[in-house]
Amino acid sequence: MINITFPDGSVKQYNNGINSIEIAEQISPRLAKEVYAATVNGEVIDLTRPINSDATLKLHKWEDKEGMHAFWHSSAHLLAEALESLYPGIKFGIGPAIENGFYYDVDPGEGKAITDNDLAVIENRMKELAAKNLAFTRKEVSRQEALELFSKKGDQYKVELIGELEDGTISLYTQGSFTDLCRGPHLSSTEPIKAIKLLNVAGAYWRGNEKNRMLTRIYGITYPKQKLLDDYLLFLEEARKRDHRRIGKELELFTFSPKVGMGLPLWMPRGAELRQNLINFMTKVLRRRGYAIVATPHIGDVNLYKTSGHYEKYGKDSFQPMSTPQEGEQFMLKPMNCPHHCEIFNATPHSYKDLPYRMAEFGTVYRYEQSGELHGLTRVRSFTQDDAHHFCRPDQLKEEFKSIIDLVQFIFKAVNLSEFTAQISLRDPENREKYIGSDENWEKAEKAIIEAAEEKKLETTVVLGEAAFYGPKLDFMVKDAIGRKWQLGTIQVDYNLPERFDLTYNGSDNQKHRPVMIHRAIFGSMERFIAVLIENTAGKFPLWLAPEKAVVLPISEKFNDYAVKVLDFLNNSDICTLIDNRSEKIGKKIRDNELKRIPYLLIIGEKEVENGTIAVRKQGEGDKGSMKLEEFAEFIVKEINKEVAY
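Owing to the predicted nature of the structure, the values given are computational and were not obtained by experimental measurement.

The rules behind these values
- Counting from 1, residues in each chain are numbered in the order their sequence is written.
- Local features in this predicted model are restricted to residues of pLDDT 70 or higher, and side-chain atom pairs are both shown and tallied only at a pLDDT of 80 or more, whereas totals for entire chains, interfaces and linings draw on every residue.
- Only hydrogens and water are set aside; all other atoms, that is, all heavy atoms of the structure, feed into the side-chain values.
- Each helix is a run of H or I in the DSSP string that is no shorter than four residues. Each strand is a run of E no shorter than two, and both are numbered from the N terminus.
- Burial here depends on accessible area, computed with a 1.4 Å probe over protein chains only, as a share of the maximum for the residue type. Under 20% is buried, over 50% is exposed, and the range in between is partly exposed.
- Contacts were defined at the residue level, with two residues in contact if any of their heavy atoms lie within 4.5 Å.
- For accessible areas, the Shrake-Rupley method is used with a probe of radius 1.4 Å. Any residue's cover is judged against the shown protein chains and nothing else.
- Neither His nor the chain ends contribute to the count of charged residues, in which Lys and Arg are positive and Asp and Glu negative.
- Think of each charge as sitting on NZ of Lys, CZ of Arg, CG of Asp or CD of Glu.
- Salt-bridge detection follows one rule: a side-chain nitrogen of Lys or Arg within 4 Å of a carboxyl oxygen of Asp or Glu.
- Handedness of a crossover is defined as follows: orient the strands so they point away from the viewer, and if the path from the first strand over the helix to the second runs clockwise, the crossover is right-handed.
- To estimate the expected span of a helix, count its residues, drop one, and scale the result by 1.5 Å.
- By arc we mean the arc of the directions from the helix axis to the C-beta atoms, nothing more.
- A 3.5 Å cut-off defines polar contacts: any pair of N or O atoms within that distance qualifies, except that in protein one atom must be a possible hydrogen donor and the other a possible acceptor, and neighbouring residues in sequence count only when both atoms are side-chain atoms.
- A pair of strands is considered paired only if DSSP assigns at least 2 bridges between the two.
- The nonpolar core is taken to be a set of buried Ala, Val, Leu, Ile, Met, Phe, Trp, Tyr and Cys residues, with the residues joined through side-chain atoms within 4.5 Å.
- Fitting a line to C-alpha atoms yields each axis, with helices limited to the stretch in contact; the angle taken between N-to-C directions then spans 0 to 180 degrees.
- Orientation categories follow fixed angle ranges, with anything under 35 degrees roughly parallel, anything over 145 roughly antiparallel, 65 to 115 roughly perpendicular, and all other angles oblique.
- Each crossing is labelled by how the near helix is turned from the far one, with a counterclockwise turn of less than a right angle marking it left-handed and a clockwise turn marking it right-handed.
- Three classes are used: nonpolar for Ala, Val, Leu, Ile, Met, Phe, Trp, Tyr, Cys and Pro, charged for Asp, Glu, Lys and Arg, and polar for all others, with Gly counted as polar.

**Considerations on the overall build of the protein chain**
- A tally of helices and strands in the protein chain yields 20 helices and 33 strands.
- Taken along its principal axes, the extent of the C-alpha atoms in the protein chain is 90 × 75 × 60 Å.
- When each of the 646 residues of the protein chain is scored for burial, the buried share is 50%.
- When contacts within the protein chain are restricted to residue pairs at least 6 apart in sequence, long-range pairs at least 24 apart make up 68% of them.
- Summing over all exposed atoms, the protein chain offers an accessible surface of approximately 31000 Å²; the carbon and sulfur share of this is 48%.
- Each charge class in the protein chain was averaged separately, 87 positive and 95 negative side chains, and the resulting centres sit 3 Å apart.

**Some thoughts on the pattern of salt bridges**
- This structure, assessed with the given rule, holds 46 salt bridges.
- Between glutamate 160 and arginine 207 there is a salt bridge whose closest N-O contact spans 3.0 Å. Of this pair, glutamate 160 sits in helix α6 (residues 156-162) while arginine 207 is found in the loop between β12 (195-205) and β13 (214-223), placing the two residues 47 residues apart along the sequence.
- Exposure remark for glutamate 160: the relative accessible area of 34% places this residue in the partly exposed category.
- Residue classification places arginine 207 among the partly exposed residues on the basis of a relative accessible area of 41%.

**Remarks on the pairing of strand β29 (residues 550-554)**
- Judged by how many residues are buried, β29 sits mostly within the fold: five of five residues are covered.
- On β29, burial covers both faces: Ala550, Val552 and Pro554 on one face and Val551 and Leu553 on the other are all buried.
- In this fold, β29 hands off to helix α17 (residues 560-572), which returns the chain to strand β30 (residues 577-579); that crossover is right-handed.

**What to know about helix α20 (residues 629-643)**
- Relative to the 21 Å expected for 15 residues at 1.5 Å per residue, α20 spans 21 Å between its end C-alpha atoms, a close match to the ideal helical length.
- Residues Leu629, Phe632, Ala633, Ile636 and Glu639 constitute the buried set of α20. Looking down the long axis of α20, one finds its buried residues gathered within 125° of arc, a one-sided arrangement. In α20, the exposed residues that point more than 90 degrees away from the buried face are Glu634, Lys638 and Lys642.

**Topic: the side chain of histidine 340**
- On the secondary structure map, histidine 340 appears in helix α12 (residues 338-346).
- Judged by its relative accessible area of 8%, histidine 340 is buried.

**Focus: the environment of asparagine 19**
- Structurally, asparagine 19 is set in the loop between β2 (11-14) and α1 (20-27).
- For asparagine 19, a relative accessible area of 11% corresponds to the buried category.
- Each C-alpha atom, one on asparagine 19 and one on histidine 73, is 20 Å from the other, the two residues being 54 residues apart in sequence.
- Side-chain polar atoms of asparagine 19 contact the backbone nitrogen of isoleucine 21, separated by 3.3 Å.

**Overview of the pairing of strand β10 (residues 170-175)**
- The element β10 is extensively covered by neighbouring structure, given that five of its six residues are classed as buried.
- Inspection of the sheet shows strand β9 (residues 137-141) paired to β10 by five bridges, in the antiparallel sense. By the bridge assignment, arginine 138 is partnered in β10 with tyrosine 173.
- Examined bridge by bridge, β10 and strand β11 (residues 178-181) share four bridges and lie antiparallel to one another. Residue pairing across strands places threonine 174 opposite threonine 179, the latter belonging to β11.

**Brief notes about the nonpolar core**
- In this structure, Phe412, Leu474 and Phe476 are the most contacted members of the largest nonpolar core, which totals 62 residues.
- Top element by residues in this core is helix α13 (residues 397-414). It accounts for 10 residues.
- Ranked by size, the runner-up nonpolar core spans 36 residues in total, among them Phe92, Leu129, Ile196 and Tyr223.

**Here's the deal with the packing of helix α3 (residues 65-86) against helix α4 (residues 119-130)**
- Two numbers describe how α3 lies on α4: the axes approach to 9 Å, and their chain directions differ by 115°. With respect to each other, α3 and α4 are oriented roughly perpendicular. In this structure, α3 crosses over α4, and the sense of that crossing is right-handed. Across from Ser75, Leu78, Leu79, Glu81, Ala82, Leu83, Ser85 and Leu86 in α3, the residues of α4 making contact are Val121, Ile122, Arg125, Met126, Leu129 and Ala130.
- Its residues placed into classes, the contact of α3 with α4 shows 10 nonpolar, two polar and two charged.

**Things to note about the sheet that holds strand β21 (residues 382-392)**
- On the basis of which strands lie adjacent, the open sheet formed by eight strands has the order β16-β20-β21-β28-β25-β24-β22-β23 and mixed pairing. At either margin of the open sheet sits one strand with a lone partner, and together these are β16 (291-293) and β23 (460-464). Taken pair by pair, the neighbouring strands of this sheet meet at an average axis angle of 25°, ignoring direction.
- Here strand β22 (residues 420-426) pairs with strand β24 (residues 473-479) via six bridges, running antiparallel. Residue threonine 421 lies in a different strand from β24, and its bridge partner there is methionine 477.
- Running at roughly 10° to strand β28 (residues 516-525), α13 makes contact with β16, β20 (357-366), β21, β22, β24, β25 (485-494) and β28 of the sheet.

**Section: the sheet that holds strand β18 (residues 322-323)**
- Sheet architecture is open: three strands sit in the order β17-β19-β18, paired in antiparallel fashion. Among the strands making up the open sheet, the edge pair consists of β17 (299-301) and β18.
- Direction of pairing for β17 relative to strand β19 (residues 330-333): antiparallel, over a ladder of three bridges. In the strand pairing of β19, aspartate 301 is matched with phenylalanine 331.

**Observations regarding the environment of glutamate 312**
- By the element assignment, glutamate 312 lies in helix α11 (residues 310-314).
- For the pair glutamate 312 and leucine 377, spaced 65 residues apart in the sequence, the C-alpha separation amounts to 27 Å.

**Here we look at the environment of serine 74**
- Within the secondary structure layout, serine 74 lies in helix α3.
- Given the relative accessible area of 0%, serine 74 is considered buried.
- Linking serine 74 and lysine 607, residues 533 residues apart in sequence, is a C-alpha distance of 70 Å.
- Leaving out residues up to four positions away in the same chain, serine 74 has contacts with Phe136, His186 and Leu187.
- Side-chain polar atoms of serine 74 contact the backbone oxygen of alanine 70, separated by 2.7 Å.

Put into structure tokens, the structure is as follows:
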């Protein structure tokens, strides 16, 4: 007999060799139908794997990420089986579960293609196979056996993967007529896969390397109930309506030009105004919190990034160095701001009384993203960070970190992104060579972050291996209006760059001491942050952020002169306003400008000219009555102050 310990601490005895699904059956036949994977002694495994010693056990239902992962990973294998039956000779790359569903990268062969038009047929074959209740069976094999199997099949992508695996660590999974190289875990059978939808086809270079062959990536999602799938498809439709690329084009916020280059956004007047509103807002907040605003060049000497360690870690992902006419001299497009800020700190002496010293910059940086990874404003090659670095004494670290958490919460509230969780990212204790710096400094940095988050009562999760190479961090995962999560703000503790750049301050003992450096970005990337704002608001920005606060709409041409006076008055009052003096009927002007999501529409007719007023109409709410110009200007200022209370 073996002892099985459950999550509630209870312990039960079972026969040696029992598996998780059998244990679930003994607890409740209904439970057995609802579980998809199990965690045994901390490892997620198939429900059918035997348990041969005392163990802890947790059973995973659909609601658990482990259950979803097994469900979607199994669905990827089901997709592959359907493809192999429909496209003889097709070759397979990888087919993982992802955050929402799964995909499989495949090579249909020379001169063959799979398009979106083929998805319905593939989907129907998946449904036919799932209904057969095909069992997923695991087999552990030697490296040689695996190589022989996939070489005989002619599946060169699997052969390449096997060549990198250690003997004794290789397993295969089979369902029906399909066998795949896989670690698992998987469902017991295909029977739970009730609702299936293949979403789209895309291109993906094998192993993410654009020098390799372009494969066909097929995305899909499955559920144990049709209603869950229906709900998800409604969610997708809402997401499409909010797609920042579509709205950005519709509202004339930004554009891309192949002549300028892929991944290099061009801000149009309305988008530039929106972007500047964010910068002005943040700058005002920062000045009130004691930040010094700095500016640094768009390029830097290669040795700057070698000193910081960024070149060694990220040089391959950056734009390559540029040579100058001076022999041996090389510069790089700036991939990050922190080394430049270290040099600004070093330019003047600092006393312990001066600290913390807070330095901020809206700095544009450049990183080489592969063309297949570029996506609107969320993945670009040129982006501007609201970057700041705090240089503080070790005894100030925790309080300074907490003050940044307060700032993050204030900013998120101002843009209606107040629902978030925080992720504490620590280094991987099993792979410490990935990181720079001493164990002592890492332990101090990690302790400060964990304690600060606890004291601010943040809802947190801890993830090992996700720290920056120079220090641990706290990332903010924000939920938008339709439930999607975005990683936006980040705060990082760094004992290492101050050492690499020999940063010092004079202590109370008149000796040199090393400051601690905190990296922080709240918007993160201005481009990505604005993309999230566009999708969260569907382009209906809060008044303080909107590119224009109002548009003046004269009913006919004879009221244009007064309309221009209104326009000039409001713009001179720092209320960004447009005028629509087209020879169109007022109804069309109203409709057209409401589509631009301009908060206030100001109607000008004979009555308004006579009385020196404007007829105010609010976006989405209709008429708000007549106002004098001064009254409207005061009203707008009050409304903005309500939204943003500094």
